[in-house]
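# Observations on the model geometry
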Amino acid sequence: MLLGDDGEQRPTIFAEMSALAVSTGAINLGQGFPDEDGPAEVLEAARQAISDGVNQYPPGLGMPVLRNAIAAHQERFYGLGVDPDREVLVTAGATEALAATILALTEEGDELVTLEPFYDSYAAIAGLASVRHVTVPLRGSDFQPDHDELRAAVTDRTRIILINDPHNPTGSILSRQTLELIVELAHEHDAIIVTDEVYEHLVFGERHIPIASLPGARERTVSISSGGKTFSTTGWKIGWITAPAELIQAILAVKQFLTFVNGAPFQPAIAVGLGLPDSFFADAAATLEAKCGLLSAGLVAAGFTVSRPRGGYFVIADAAPLGFTDADEACRRLPELAGVVGIPVTAFVRPERRDEYGSLIRFAFCKKTEVLERASAQLADLHR
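No experiment lies behind these values; they were computed from the predicted model shown.

To continue, consider the sheet that holds strand 12 (residues 305-306). Within the open sheet, the four strands sit side by side as 12-13-16-15. Their pairing is antiparallel. Whereas interior strands pair on both sides, the edge strands pair on one side only; in this sheet they are strand 12 and strand 15 (343-344). Strand direction decides the pairing type here: strand 12 and strand 13 (residues 314-318), joined by two bridges, are antiparallel. Residue threonine 305 lies in a different strand from strand 13, and its bridge partner there is aspartate 318.

Turning next to helix 2 (residues 40-51). Compared with an ideal rise of 1.5 Å per residue, which puts twelve residues at 16 Å, helix 2 spans 16 Å between its outermost C-alpha atoms and is within 8% of the ideal. Those residues of helix 2 lying buried are Val42, Leu43, Ala45, Ala46 and Ala49. Considered in projection along helix 2, the buried side chains sweep an arc of 155 degrees and stay on one side of the axis. In helix 2, the exposed positions angled more than 90 degrees off the buried face are occupied by Ala40 and Ser51. Buried residues in helix 2 make contact with helix 9 (266-274). Following helix 2 by one or two positions, glycine 53 adopts a phi angle in the positive range, close to 90 degrees.

What follows covers the pattern of salt bridges. Counted by the stated rule, this structure contains 19 salt bridges. Of the charged contacts in the structure, one is a salt bridge between glutamate 111 and arginine 157, with a shortest N-O distance of 3.1 Å. Placement of glutamate 111 in strand 5 (residues 111-116) and of arginine 157 in the loop between helix 6 (147-153) and strand 8 (158-164) is noted, with a sequence separation of 46 residues between them. Through salt bridges that share partners, Glu116, Arg139, Glu149, Arg353 and Glu356 make up one connected network.

This next bit is on the environment of isoleucine 160. Structurally, the position occupied by isoleucine 160 is in strand 8. For the pair isoleucine 160 and alanine 317, spaced 157 residues apart in the sequence, the C-alpha separation amounts to 31 Å. In this structure, isoleucine 160 is in contact with Thr101, Ile102, Leu105, Thr106, Glu111, Leu112, Val113, Ile192 and Val194, ignoring residues within four places of it in sequence.

Look at the UniProt record and you will see "domain: Aminotransferase class I/classII large" (unreviewed entry) annotated at residues 26-374. Strand forms 17% of residues 26-374 and helix 38%; the C-alpha atoms that close the span are 11 Å apart.

Let's shift gears to the pairing of strand 10 (residues 221-226). Across the six residues of strand 10, six count as buried, placing the element largely inside the fold. Here strand 10 shows two buried faces, one formed by Thr221, Ser223 and Ser225 and the other by Val222, Ile224 and Ser226. Two strands pair when backbone bridges link them, and strand 9 (residues 192-196) and strand 10 are joined in this way by four bridges, in the parallel orientation. From the neighbouring strand, valine 194 faces strand 10, where its bridge partner is valine 222. Pairing analysis gives four bridges linking strand 10 to strand 11 (residues 239-242), with the strands arranged antiparallel. Bridge pairing in strand 11 links serine 226 to glycine 239.

Ordered in space as 4-11-10-9-8-5-6-7, the eight strands form an open sheet in which the pairing is mixed. Every interior strand has two partners, whereas the edge strands, strand 4 (88-91) and strand 7 (144-145), have only one. Pairing geometry for strand 8 and strand 9, over five bridges, is parallel. The partner of leucine 162 across the bridge, within strand 9, is valine 194.

The predicted coordinates should not be examined in detail at positions where pLDDT is low. With 97% of its residues at a pLDDT of 70 or more, the protein chain has an overall mean of 95. Per-residue pLDDT stays below 50 along residues 1-9; that stretch engages in twelve contacts with residues further than four places along the chain or on separate chains.

The rules we used
Residues numbered from 1 in each chain as written. Predicted model: local features only at pLDDT ≥ 70, side-chain atom pairs only at ≥ 80, totals over all residues. Heavy atoms only, no water. Pairing = 2+ DSSP bridges. Helix = DSSP H or I, 4+ residues; strand = E, 2+ residues; numbered from the N terminus. Expected span 1.5 Å × (residues − 1). Buried < 20%, exposed > 50% of the residue type's maximum accessible area, 1.4 Å probe, protein only. Arc of directions from axis to C-beta. Contact = heavy atoms within 4.5 Å. Salt bridge = Lys/Arg side-chain N within 4 Å of Asp/Glu carboxyl O. UniProt positions renumbered as here; feature names shortened; annotations may be inferred. pLDDT = per-residue confidence, 0-100.

Now the structure itself:
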C-alpha cells in the first residue's frame, strides 16, 4: 500500500494491476513469477527433506549443505573462492538480503546510489534506513548509464553503490567498462558495492560477469542472489549473500532480527539445484530467451516498439506508437482492449523522471508458451 497526499492508503500499481487481471480475466504479464514448476530433482529434494524431518529452525547462517553448495557454485561458474563457514549467509530471498545489508552497513544520512529504473524495494529500504537515495538514469535503447553521471552521483557521502545486473525491469546488462568504473569509484570514495544478481543464470547468449570477480572488487562487494528465479521456486524465498567475513557478521547481526531463519526443507533442495549439470542452466536461459522472442514478436505485431532484453524475466515495450503517452493509462486500458496486463515502467522511477519513461510498459515472459501465444494473439487486436 502507498500513503497518498491526503493520508489515505492506496494500493500500489502492482496490486492494482493484479486485481484488474483477476476482475477482467486478463492474462497477467505484470507479475514476475513463472507459471511452471522448477526441475523435478529440486522439488523432490524438498519433499524428501520434509519427510526426513527437516522442519525446524536451521542454523543462523543457513544449513551447511546449502552454504557449501553456494560456495561451490561461486567457484564453478565464476572462479570465486568463498569460505562457506564465514563468507556465506542464507536469507529469506534476495529482498531480505538487500534489507539486512542496507540496514547493517549504513547510518542515517549516508547515501545509497542505484540505477534508475530500480526495483521498488530499493527505495523502500533506503527509507527504512533513513539514507538518501541517489539515482543514475539508464538511457538509450540498451538502457545503460552515462559514465559522467555515474561519477557525479558517487561522492564521499556514498556508503553503498547498489547495482542490479542483469537488470529489472529493463533486462539490460552492464558493460565491463561500467563495472570497472563502479569498482574504481567504490575505492575512490570508500564505498561498499552491493550487487543484486538474481537473474545471473538467465542471460541470453552471453555469460554473466559478477562484479566481485573484477580486480579490486571482492574485498568490498556484497553479492546477493537467490534460487527463486533460476529454479522457478519464487515462493520458497531462499536467497543468499556472499561477502567478506566482517561484512557477513555485520549483516547477520541485523538479519537475525528480521526473519531469524527460514525455509529449512527448501535449503537442501536449492543445494541440489545449484549442483545440477551445466546443461540445466544453459537450457533454462535458452528456453526463456525463446519465450522472450515469442512475446516480443507479438508486441511488435501489435504496434509497440520493443527493446531487446539481454537477460531476466521482462521485456520493455513503448506504447507511444499506439497513441499512449501515459503508460499508467495504457496499462489500465489494456485488459479491456487486449485482455493483457503489464506494469508501467514509471512504477520503477522517481516522480521527477516519469516523463523520460512515461510511455514504457514492462511485460513478463516467464510464462507458459501457450499463455504467451494467447497473449500475443490478443494483443494483435490493438492493430486491427
